[in-house]
Every structure is written in C-alpha cells, then in structure tokens.
Number of protein chains: 2
Amino acid sequence: MALPLRRRRLPPLLPLLLLAAGGLRAAERSGGGGGSSSAMEELATEKEAEESHRQDSVSLLTFILLLTLTILTIWLFKHRRVRFLHETGLAMIYGLIVGVILRYGTPSTSGHDKPFSCSQEDRPFTTLLVNVSGKFFEYTLKGEISPGKIHNVEQNDMLRKVTFDPEVFFNILLPPIIFHAGYSLKKRHFFRNLGSILAYAFLGTAVSCFIIGNLMYGVVKLMKLVGQLSDKFYYTDCLLFGAIISATDPVTVLAIFNELHADVDLYALLFGESVLNDAVAIVLSSSIVAYQPTGENTHAFDAAAFFKSVGVFLGIFSGSFMMGAVTGVVTALVTKFTKLHCFPLLETALFFLMSWSTFLLAEACGFTGVVAVLFCGITQAHYTYNNLSVESRSRTKQLFEVLHFLAENFIFSYMGLALFTFQKHIFSPVFIIGAFIAIFLGRAAHIYPLSFLLNLGRRHKISWNFQHMMMFSGLRGAMAFALAIRDTATYSHQMMFSTTLLIVFFTVWIVGGGTTPMLSWLNIRVGVDPDQDPPPTNDSFQVLQGDGPDSERRNRTKQESAWLFRLWYSFDHNYLKPILTHSGPPLTTTLPSWCGLIARCLTSPQVYDNQEQLREEDSDFILNDGDLTVTYGDTTITANGSSGPHTATTSLDGRRTKSSSEEALERDLGAADHEVTSRGTRLVFPLEDNA
Amino acid sequence: MALPLRRRRLPPLLPLLLLAAGGLRAAERSGGGGGSSSAMEELATEKEAEESHRQDSVSLLTFILLLTLTILTIWLFKHRRVRFLHETGLAMIYGLIVGVILRYGTPSTSGHDKPFSCSQEDRPFTTLLVNVSGKFFEYTLKGEISPGKIHNVEQNDMLRKVTFDPEVFFNILLPPIIFHAGYSLKKRHFFRNLGSILAYAFLGTAVSCFIIGNLMYGVVKLMKLVGQLSDKFYYTDCLLFGAIISATDPVTVLAIFNELHADVDLYALLFGESVLNDAVAIVLSSSIVAYQPTGENTHAFDAAAFFKSVGVFLGIFSGSFMMGAVTGVVTALVTKFTKLHCFPLLETALFFLMSWSTFLLAEACGFTGVVAVLFCGITQAHYTYNNLSVESRSRTKQLFEVLHFLAENFIFSYMGLALFTFQKHIFSPVFIIGAFIAIFLGRAAHIYPLSFLLNLGRRHKISWNFQHMMMFSGLRGAMAFALAIRDTATYSHQMMFSTTLLIVFFTVWIVGGGTTPMLSWLNIRVGVDPDQDPPPTNDSFQVLQGDGPDSERRNRTKQESAWLFRLWYSFDHNYLKPILTHSGPPLTTTLPSWCGLIARCLTSPQVYDNQEQLREEDSDFILNDGDLTVTYGDTTITANGSSGPHTATTSLDGRRTKSSSEEALERDLGAADHEVTSRGTRLVFPLEDNA
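Analysis parameters
- Throughout this document, residue positions are counted from 1 along each chain, in the order its sequence is written.
- Chains carry letters from A onward and ligands carry numbers from 1 onward, assigned in written order.
- Per-residue local features are limited, in this predicted model, to residues with pLDDT of at least 70; the limit for side-chain atom pairs, both in listing and counting, is 80 or more; totals at the level of whole chains, interfaces and linings are taken over all residues.
- The basis for the side-chain values is all heavy atoms of the structure; hydrogens and waters are excluded.
- Only DSSP runs of H or I with at least four residues qualify as helices, and only runs of E with at least two residues qualify as strands; both kinds are numbered from the N terminus onward.
- Residue burial is assigned from relative accessible area. The probe radius is 1.4 Å, only protein chains are included, and a residue is buried under 20% of its type maximum, exposed over 50%, and partly exposed in between.
- Residues are treated as being in contact if the distance between any of their heavy atoms lies within 4.5 Å.
- Polar contact is the term for a pair of N or O atoms within 3.5 Å; when the atoms are in protein, one must be able to donate a hydrogen and the other to accept it, and sequence-neighboring residues count only if both atoms are side-chain atoms.
- Between Lys or Arg on one side and Asp or Glu on the other, a salt bridge is scored when a side-chain nitrogen of the former is within 4 Å of a carboxyl oxygen of the latter.
- The set of buried Ala, Val, Leu, Ile, Met, Phe, Trp, Tyr and Cys residues whose side-chain atoms join them within 4.5 Å is what this entry labels a nonpolar core.
- Stacked, tilted and edge-to-face are the three classes assigned to paired rings of Phe, Tyr and Trp, where Trp is represented by its six-membered ring and a pair needs centres within 6.5 Å; plane angles under 30 degrees give stacked, over 60 edge-to-face, the rest tilted.
- Whether a charge sits over a ring depends on NZ of Lys or CZ of Arg being within 6 Å of the ring centre and within 35 degrees of the ring normal.
- By definition, disulfides here are pairs of cysteine sulfur atoms that lie within 2.5 Å.
- By definition here, a helix of n residues has an expected span of 1.5 Å times n minus one.
- At every residue, the bend is computed as the angle between two fitted axes, covering the seven residues ending there and the seven beginning there respectively.
- Note on method: axes are straight lines fitted to C-alpha atoms, helices fitted across the in-contact stretch only, with angles between N-to-C directions ranging 0 to 180 degrees.
- These descriptions rest on fixed angle ranges, namely under 35 degrees for roughly parallel, over 145 for roughly antiparallel, 65 to 115 for roughly perpendicular, and the rest for oblique.
- Working rule for handedness: look at the near helix, and if it is turned counterclockwise from the far one by less than a right angle, call the crossing left-handed; if clockwise, right-handed.
- Under the grouping applied here, Gly and all other residues not named as nonpolar or charged are polar, the nonpolar ones being Ala, Val, Leu, Ile, Met, Phe, Trp, Tyr, Cys and Pro and the charged ones Asp, Glu, Lys and Arg.
- Each residue carries a pLDDT score, the predictor's confidence in it, ranging from 0 to 100.

Asker: Explain the overall build of chain A to me, and be specific about the residues and the numbers.
Answerer: Check the secondary structure of chain A and you find 24 helices and three strands. Counting across all 691 residues of chain A, residues that qualify as buried make up 65%. The contacts of chain A with a sequence gap of at least 6 include a subset with a gap of at least 24, amounting to 82%.

Asker: Can you lay out the side chain of B:Thr335 for me, pointing to particular residues and giving the numbers?
Answerer: Residues and elements named next belong to chain B. Its place among the elements puts Thr 335 in helix H10 (residues 303-337). The class of Thr 335 is buried, set by a relative accessible area of 1%. Of note is the side chain of Thr 335, whose polar atom sits 3.0 Å from the backbone oxygen of Ala 332. Among the polar contacts listed, one links the side chain of Thr 335 to the side chain of Asn 387, at a separation of 3.5 Å. Dropping the residues within four chain positions of it, Thr 335 is found in contact with Leu 350, Thr 384, Asn 387 and Leu 388.

Asker: Give a description of the pattern of salt bridges that names residues and reports values.
Answerer: The final tally for this structure, using the stated rule, is six salt bridges over all chains. Of the charged contacts, one joins A:Glu273 and A:Arg443 as a salt bridge, the two residues approaching to 3.1 Å between their closest N and O atoms. Of this pair, A:Glu273 sits in helix H9 (residues 264-290) while A:Arg443 sits in helix H14 (residues 429-457); the two residues are 170 residues apart in sequence, bridging distant segments of the chain. For the pair formed by A:Glu273 and A:Arg443, the shared burial category is buried. Put simply, A:Glu391, A:Arg395 and B:Glu401 are held in one network by salt bridges that share partners.

Asker: Residue-level account of the nonpolar core, with values.
Answerer: Grouped together as the largest cluster of nonpolar side chains are 304 residues, with contacts concentrated most on A:Tyr414, A:Phe481, B:Tyr414 and B:Phe481. Here A:Tyr414 is in contact with A:Phe63, A:Val162, A:Thr163, A:Phe164, A:Phe169, A:Phe481 and A:Ile485, once residues within four sequence places are set aside.

Asker: How would you explain unusual backbone geometry if you had to name every residue and give the values?
Answerer: Positive phi, normally seen in glycine, also occurs at A:Asn523, with a value near 60°. Within the secondary structure, A:Asn523 sits in the loop between helix H17 (491-521) and helix H18 (550-580).

Asker: Give me the lowdown on the packing of aromatic side chains, citing residues and values where you can.
Answerer: All chains considered together, the criterion is met by 64 aromatic pairs over all chains. Seen in terms of ring centroids, B:Phe306 and B:Phe307 are 5.4 Å apart; in terms of plane orientation they differ by 75°. Their pairing is edge-to-face. When its relative accessible area of 35% is taken as the criterion, B:Phe306 is described as partly exposed. Between the NZ or CZ atom of A:Lys397 and the centre of the ring of A:Tyr183, over which it lies, the distance is 5.3 Å.

Asker: Tell me about the state of the cysteines, and please be specific about residues and values.
Answerer: Overall, the coordinates contain zero disulfides over all chains when judged by the stated rule. With no disulfide of its own, A:Cys365 lies closest to A:Cys376 among cysteine sulfurs, the gap being 14 Å. Among the cysteines around B:Cys209, which has no disulfide bond, B:Cys238 carries the closest sulfur, lying 11 Å off.

Asker: How would you summarise the environment of A:Phe466 if you had to cite specific residues and measurements?
Answerer: Within the element layout of this structure, A:Phe466 appears in helix H15 (residues 464-472). Along the primary structure A:Phe466 and A:Asn523 are separated by 57 residues, whereas in three dimensions their C-alpha atoms are 9.6 Å apart.

Asker: Please set out helix H6 (residues 194-225) of chain A residue by residue, giving values where relevant.
Answerer: Given a rise of 1.5 Å per residue, 32 residues ought to cover 46 Å, and the 45 Å separating the end C-alpha atoms of H6(A) matches this to within 8%. Considering bend angle alone, the principal kink of H6(A) is centred on A:Gly204 and spans about 30°.

Asker: Any details on the packing of helix H2 (residues 87-105) of chain A against helix H13 (residues 390-421) of chain A? Residues and values, ideally.
Answerer: Residue and element names in this part refer to chain A. As a packed pair, H2 and H13 sit with axes 6 Å apart at the nearest point and diverge in direction by 40°. For the element pair H2 / H13, the angle class is oblique. Note that H2 runs across H13; the crossing there is right-handed. Listed contacts from H13 to Glu 87, Thr 88, Ala 91, Met 92, Gly 95, Leu 96, Val 98, Gly 99, Val 100, Leu 102, Arg 103 and Tyr 104 of H2 are Phe 405, Glu 408, Asn 409, Phe 412, Ser 413, Met 415, Gly 416, Leu 417, Leu 419, Phe 420 and Thr 421. A class-by-class count of the residues in the contact of H2 with H13 yields 13 nonpolar, seven polar and three charged.

Asker: Can you break down the confidence of the model for chain A residue by residue, with the values?
Answerer: Residue and element names in this part refer to chain A. Per-residue confidence for chain A gives a mean pLDDT of 72, with 66% of residues at or over 70. Here helix H23 (residues 626-633) is the element of chain A with the lowest mean pLDDT, 34, and helix H11 (residues 344-364) is the one with the highest, 91. Between residues 1-38, whose pLDDT stays under 50, and residues either more than four places distant or in other chains, the model counts 156 contacts. The low-confidence segment residues 147-154, where pLDDT is below 50, has eleven contacts with residues more than four positions distant or belonging to other chains. Across the assembled chains, the prediction reports ipTM 0.76 with pTM 0.77.

Asker: Go over the packing of helix H10 (residues 303-337) of chain A against H11(A) with me, naming the residues and quoting the values.
Answerer: Residue and element names in this part refer to chain A. Remark: H10 packs on H11, axes separated minimally by 9 Å, with the N-to-C direction vectors making an angle of 155°. Considering the angle they form, H10 stands roughly antiparallel to H11. Between H10 and H11 the crossing geometry is right-handed. Residues Met 323, Gly 324, Thr 327, Val 330, Thr 331, Val 334 and Thr 335 of H10 form the contact with H11, whose own contacting residues are Leu 350, Phe 351, Met 354, Ser 357, Thr 358, Leu 361 and Ala 362. Within the contact of H10 with H11, the residues separate by chemical class into eight nonpolar, six polar and no charged.

Asker: Go over the environment of A:Val275, please, and point to the residues and values.
Answerer: Residues and elements named next belong to chain A. Checked against the element boundaries, Val 275 lands in helix H9. In this structure, the C-alpha to C-alpha distance between Val 275 and Asn 193, residues 82 residues apart in sequence, is 14 Å. The residues touching Val 275, leaving out its near neighbours within four places in the chain, are Ala 181 and Leu 374.

This is the structure we're talking about:
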C-alpha cells in the first residue's frame, strides 16, 4: 500500500536523481503559435533554467564524490583491518562533514522569485492556469506552506537542492537493498531457524512497537507536565514512533559477523529477524496511520478502527507476500520453459525486469512494494536461481550486490548530511533520553521473554550469550530513517525524525564499534565454517540432554517442526521444485497417475538425468535439523542438535529410483551423518553408513 | 552544455522513473501548526494522491511488461535464427501495438482540475503562493500553454502518464548506451581506421547536416509555394533537422555483423563512425540552436553569429572530450595506486561512480554529458581496464552491458509507443518524402566523396562494396529520436519529430531486415576471425601495388599516419601507459634521468616483472598498420596491407632490456610477421625472424 503519509516538505531534488533538470526548469520557450515574446526575455529565462540544471548537477556530484571518498576509505579500512568503525558509520561521518560545510559554508541566497498571492476558492487545485499579459502558464501544486513560514520559503538554495524527496528512499534506494537481502539469504540456516525468526520478527516487533509507543506516551505526558512540549503529540504518534524505531538493521554487526565468520545460527537469527522486521515495521506503520477513529474523539481508542487497522496489516502483508511469491514463480516458470539460459544477457535482463515489476505490481495494487520485493527475492533465490545459467547466476548476484552497496552507502551518507541540512529539526532532550531508554526496554522486552518461550520448544536452545548479543545488536538503520523521514509535516513527526536520526547515529557508531569486543566478551565463537555446525558445547547452545525415551522425543520433535514444516518440505520437494525448476524428483513419480500427461509436460528432461543428484540449492534449502536426525536416524544419536554439512553431499549415497520426499529427507540426513563421521568430528556414536 | 532547447510539453512522467510519486502527488497533509482542515478533505486529497501513484505504477509496469515481452521474443528469434527483424525493430512493433491500445482503448478522462485563471504582472514567476481560504499553497511553473490549446489540457490521462520528459532520454537512457559503446570499442580495429573514422564522423556529419538542411529548405520553400505549410519554418530549423537526422545508429547492422562475423574493418568503420557522429550530432545541434543572429533580421545569415556557433561547437566538443578523458585518467590513477582490486565490489562501485560523475561534471561545467561519457568510456577501456581485477573486468562489462541493453530496448519500444501516444504529430507528406530523399542524398554526398578522398591516402582502400554497404547502413535510431523529441514546442519542430520517427521506423525495419541479403549481394565476407586480417583480394580492399621505390613509399606512409600517430603512440606507450597502468616499459627507462625519483614512484612494481610482456590491451591498441610494416619490415614485402594478428603474441619474441617505443613497435610488427609466417597464411615473401 502506498503509505497514506504525506510530507509537506518540498521535493526539490526528486527529479535530480534523473538529472532530468527539465522538471526543475521553470521557464519554457514560448509556443510556436505565439512567438511574440521578446528574445531578451526568453534568453533570461533560459539562462535561469540552465543555472538550475547546473546546480542540480553540482549537488548530485557532491553525493557521488562523497560516495567515492567513502569507497576509498572503506578500502583503506579493510586494507588495514580497522574494525572499530564500519563503512556505514564512515559514510555517515563524511555526510556529517559535508552537511556542516553546506550549512555554514554556502551563502544563504534565495532562488525563489518573490512569491505572488491571489485568493482562490475553498480547495486548492492541482493545476493552475495563470494569465500573464496575454500568455497562459501552467502551474502545479507543490504543497501547503504553514502561514508562519511563508517567508522561510526563501531559504538556502544549496540546502534545498541536496534535500531529497523522502519517496526516493522507498522507491529507489530501499528496493535493491531489500531485494538483495532476500536474494542472498543463506537459506539453509534461515530455514533451520525459521520458527524463531518469524516469532522475533512478528511478535517481537509488535511487542517492541507497543512497549516503545506506550513508554513514549508516558514521556510525552511528562513533557507536557513540565512544559517541554509546544504542540500536539497524540498517542497514535507515539505508536507510530514505536513502529518506526522497531525496524532493526544490524548491517554493521552482520558485516563483522561475516568477516569474522561468527556463529552461523546467531547470524541467521539476526539476519532473518532484521530482514523480516523491516517488512513488518513498514506494514505496521501503515496500519497505524490507517488507524483513524471515526466520530468526534479522533484520538481516543476505537475498537472498530483498531480491528480495521489489524485487518489492514494482515491484508497488506499477505497481499505483498503473494505478489512477491507470484512474480518469483512466474520468473521461475519462464526461465524453466524457455532456453533463455543460452543468452545470459537476456536472462539477466529478464530477471531484473521481473523483479522490478514485483515492486510496481504491488504498488499498483495498493500493497507495499518493498515487502513484495523481499519475498520476490527469496522466491527467486529458491526457484529461479536453479534455472539460470552459471553466468547469469553470478551476473544477477553481482548486479544486485553493486546496487545494494551503492544504495546503502548513499542512505547512510545522506543521513549524516540530513543532520545539518534538514531545516526543521526539533531536538528535545527529554524525548531523546526517553526514546533511548524506551528502545532499550522495548528490545529487552522482546528478546528475553520471546527467547524463553522459544527455548521451550526449540531443541537448539538460544543461549544467554546469544540473547545478550541479539539484545546488543538491535541497531537502527536505513529503514528507521526512511520511515521517519517519510512524513515530517507535523511537530510530533519532526521531533520523531530528529530523535530517530540520533538513535541511528548512536547505535551505528557505538554498537558497530563494540561488536568485536562484545563477541569475545560473550565467548561467541568465530572462525566458523558456514557449512559446519555449532559445536555441542553449552556455551553457544544449551544442549538438551537426551532425558526421555526415543518415542517421547520423537513426538516433541514432530510437534515442533515436523508438522507444518514437513508438510511444506514435502510439498515443495515433490511438486513445486519439479514444476518450477530443473531439479527435484520427476513429477511422473510424485503426482498421481491420472495426471500423467500434465506431469510429463511439466517435468523437464534434465530431471531424469540427474534424478538423484539434488542440486546444491535443494539440499541447502531445508532444515536437516537435529530434531529430524533424531526422528529418522534410527541410531543412538546423543542428540547434539547438529545438522552436518549438506552442501552437495547428497550425491554421495548413490542412486536410487524411488524418490519420495521422506526418502529425500532421510537421504539428506543420512548423507549428512555419513559426512560427519567421515570427517571424524564431534559425533561419538556408531553410525549406520547409508552409502 | 545543457542544450538551450526547451520543450513546452508537460513532463508528467519525469519522476515516474523513480516512481517517486511524491512529485506527482498534488495534495499534501496540512501543516502541524494549522491542523484546522477537516479530516474529510484531507482524506479526499490523499485518495487522489494514492490514485495518481497507482496510475504511475501501472504505466511504468506497462513499459516493463513490454520489455519483458520483447526479451522473450528476442530469445525466440535468436533461438530460431530469424534475421529479417532485429530486436530493436521488434521492440518498436510491440511499442506500436501498446500505443494503439492506449490511444484507442482507454477512456479519455481528464485528470486535471478545472483550470483557474488569475492575472499577473508582465512576467511569470517560477513559484506561486496561492491563498486558499486562509491556507497557503505553493505552486511551481510547468510551462506555457498556447492560447488555442487551453482546453486541450484536459486530455487522456493515461496518454499523459506514458509520455516521458525528453530529458529522461539525455540524462538516463543515452549515457549508459554511449558509455557502453566507448567501453566496448574493439580498440585495435578502431585505431587502425582512426583517420577514416574521424573523417566520416566530423566532416561527413557536417556535410550531411549541411546538405540535408539545404535540401529541406528547398522542400520547405516548395511547400510554402503550394500552400502546404501553415506556420513558420526557418532556415535554422532546416539545419537543425539536418543535424538531428545525421546521427546514424546502425545498431541493427552491427548486431548482424557481429552475429555473422562480417568483415572487421567494415565493422570498425561503421561502429566508429556511428559512435562519434552521435557525439558530433549532439554538439552540432547545440551549436545550431546557439546560432542566434543579433539585430532585427533574426533569421538571416550573420557572420559573427556563425563564427560564434563554430566556436561553441569546438568549445563544447573539446571541453566534453577533456572532461571524459580526465575522469578516465583519474579513475586509472586511483585504481593503480590503491589495492582496490582486492575488493572487486568496491572497485566496480568506484568505477561506476566515477563514470557517472563524468556526466555530471560535464553538465555542471556546461559541456555535454553524453559526449563526455563516450570519451570517458574509451579512456576507461584503454587505461583503467588494465588495472582492474579479473572479476571487476567482467563485472563492469556485464553491468554496462545490461544497462545498455535495457536502455536501448526501452528507447525503441518508446518510439513505437510515441507514434500513437504523442499528441502533436504533424505528418506532411511532402516534407516526409523530401526528407527521405534528402537523407539519401546527404548520406551519398558524404560516403562516396569522402571515401574517394580517404582512398587517396589510405593503403587499405575502402572498396566500392564497402562504400555501398556504408551507404546502406546509414540508419537512424535512438540518438536522432532523442534529439528530435527534445524540443517539440513549435510547429516546425513537431513536423521534424514526426518525420524523424517515420525515418527511424523505416530504416530500422527495412535496412535491418535487408542487411543479410545485402551482405551476400555485395560479396562482403562473413565468418571472419576478428583477430585475423582481411584477405588481400581486390574484393574487399583494393591493394595498392608496390609501384614506387621503398623510400617514396616510406615517405607517403610517414605522411599518412606516422607523423601524428607515431607521436601519440610513442607518448602513450612510453609515458601514459606506464603512469596510468601496470603495463608498458618502466618509466625509469623512458623518462630522462633527472626525473629518476618521480619515475620510480610512478612505476608500479609489476612493470619490472612483466616488463616485456605487453598486455593484450596494449598490443591490441595500436595500428600495426601495413604501412608501418613496410617502413620497418626491411624486407621485400609485396605490400598486401595486412597487419597480422597481434593479440598477445608479443611475448613470442623473447625478452629484451631496451624498450623504446620504436622497438616496441618494431617488435609488435616483427611478432606479427613471425606469427603470420608460422601460421602459413597469405604472405609469400621470405621473412626475417625477429625472435
């Protein structure tokens, strides 16, 4: 859904990204029919337009040079292995410096003509025709200006130029970041922890939003009492702030995790949570804005409006999810049934266009493009990726990697810039301190209780150390910023924006710099091979000792993940994968016999060739949880919750003809066990060799 | 220079590419200070804004689906080896179909509010403040509307949405196309024919522009006589049309050449000409627009204004060239002196940003961004490319390949669309027929005389067949379209735009489809190994028989290319390459001894390692013309004008310590000869083995 938030700020730099200065060029050549204007006047307006175009170029150039500088410094930091400051923190610092220069170093000239007033009827038109000495000019509405600020319209020209339309973030910069997150998801570890990730992302974000919202409402009440508040600040505003600030973005932490090869499960939890809670936060904030109680008392609680908001949340979320999944599936089908992979350029272009169309489709249908793009990315990675040629695989990965990198660094340097160039900051110390406490409490109230509840069901317990690390890693980044800048029209929203900016700065610098010390302080192991398992030590995972009989354990296992999960796995493995990709068992064996013709049409010939050779992606995909090992191992495994390296090891255990999903799973696990023994790692029990 | 052309059309789709619907959203939330507007009113404007956003998404989605469809059909065509229709022609057809649907299939609703008129002083303001029942709204000037068309403002909403701001072409779509052209230039063949290419591009385009302009002026006079012309059409307009339509774009022909591996020299001539004459045409059209005679008689000839225009041409061209070269050199230096190549992602991002900044820098300085980007591309390919890591090389190539592909197909499908959605077409049969004849004559008057003159100096004569093929391949494409759509404000420009569109359609379809038959009809050989030479038959090159003494021949050779060319080669080889890249001879040997310290600093350690192993790019670069073989061969070569395959063959003849440019050249040529003999190809004379 297009957020019904509207910002009142002028969007002067919006067309700048295009450098399509045309949109900013105010004066035009006189029409062919007329041709009566004097050449001098025409020349003057043309000069003006050219000047404006030049300024646009200069301000965009500023950003590009900023990014170039950031890249060079990033290189220097990587080269010298500096870890106390991450590249995003660096981008912010450079942004800050340029912001200071622009704010205090450029003259405050006015680029506006003297404003002209004329009275109109009761409602503003979007288009205005103005008669100037016989010639007609068309004007379009830009926005309302509060009466007290009419004279502030004449502001620093350069500052206006470097101020982007907030929608740029949602429509240009976030989509590649989010898509890349979905596309580069390490599926195996993600799906292994899917339950917990979903819990953290949905329940956790809701809890955090609610707690922060209520705490901030208390702070606002307090501010009113001591006279610190000069304008209205409603309860819904507080809740909106809760939603905005609940989107965590541990890009710094994850980068360091990646570099140090920290524990993969912790990585999966953090990454999965942050990816999904971005989506949740967007939809949540839309729903809160959609919460408009009817009747007189517009800011009290209204059950009907509340349930409508919940409905909006569910509707938008599932709609966006569907959109993303559907485009992904369509792309998979197209790449499967054409021989497009002979032409990697065409394939890559198609992939790019289809992924972009998800965004547009969702926006056109009134859903949230960014959320749709996330699920599209996941679907593309899970299905389409299998059908791509080798060259296209690396091309698409690299393309989105570059886009992601540029967009992310741009956002962070823009944040630094915005601290000085944004003209309507409202820094309220009480509110800021309150917000810091609130996000701390909100994060704590979400991580610890949820982890406790999850640990009741999980076999891989989330240890205290992990919980502390997750608590510590709850930094705020691009998404919180983009949500906050989206609407800075009212007093309350301006205060929220300024506070969000400070929170992002603080968390990125402090938490980003403290990650490495924190990791060692919490004894979280580093240098892990991502294809390997966590060790069975109590440090990182509190291993559940096998204290019950096998049957009981099996039951619990089934309760935990076997039910929904195995259903999905078998459906995916037996039907979706064979239909959408060149892998999986042939449909002729999985579908009932009366579907024979369809099955033969849909199954690609490759499947028969490599019937048993599940693709890397396939075995990567799924769980292979210790739980399932217990269920299917038929051995006296002492349940260390390990899952073994499955990547491309399935071909180890020979070819079979029957290929049900049960067997596929078993085989996956068997192969894993086999692999584990053959490597002589930590398992201490006799293993049945499945090969 | 930002073209001083201004278009009067509304730029409604400009921000659409961003999907930053904000720019189109007319109504805004009321300010925090006020808060007095009723919720109902706010809701209504918000609904409107959302509707507008949705329409934007839909229209952009239309284009994406169009492109997707084009890609799939391209695949089908490639798969079935259909050659009568090229992908660009296909994109146009799909565009046409969608244009027809949009034009006749959508209801003609009005998206505008009822226009409001109010009188103003003598000059339009760029910003307007309007008082609507106590609240102030800001409006910006969009453009003038000719009095007769006030009621036409209410037009089909969907058609308005799919109409792009012409500046989008110059600022978004052309740069990647042109950069890719420069970056993917096959340098060896390009430089081998550099003289001819420059002659065709500069002299040829000027001749063609002048001839077409004058012919069209005759046509216009004729139309005035028979009463076919209903508005003004000046001589400068005719010249502008000449400049617009002189930009050839044989993308179709080149694609087929590439596929069939047609003669490499013909390819180089066509490709080089079209790349450079795009640049020439842009600058030429700017200069013609800048031709504004002073005084009363504003459309007669004025010597001062003419020379000013020539000065503008030279200034813009050389300025843009410098900008492009400088950014390329800076990128080369940065990539050389940092170890950025350890991080391909950073390297690619830097490369992309630097290349983009060329465009902005040129625009900011008042030069032409597109031209700067072309020379930046060539410089990047010549120097920076050598410093990149292997991964970055493929990444950058692929990135720009995808961008180029998407942009090009987008432009061509937009062209198809524009035939029906553009609302101000003026099709004048006389003018159109005149234009077709004029471009035919203009092309003929440029190819045949120039080829004759060039053949006087060239050793590789350009045969008649080649001349006919070049004549035939003079199709018009993206650049002509972009130049024509840039200004459609006046009657004459609208007529020029409609005619250009038809010329593009006709040439792309007919010429594109006729390339393969034409190639075989003209006996131009296909299936050529690009690293090999043209055969010494009279078919493709009229070999100059060795009819004079060696000294005379040597003199002529020196006259032809040795002078400026050898100067440049030795400068590039001895100083630029070693300074900017990791290849070439160490500066310590080429610079005078008193520069020792600087030389040592600038020479990269790699150079000493592979001192003699000139990189592939290096030997690829230069001439190695038959002429020079004659000069340096010291043998009784019967001068067949062949240059032998030099690609990476220089390492054949062992290591030497002295490394002057003379020797490098000699070695290149020697190696080539060696290689040629060892392959046992067409050379029939005894060869001195240089190894």
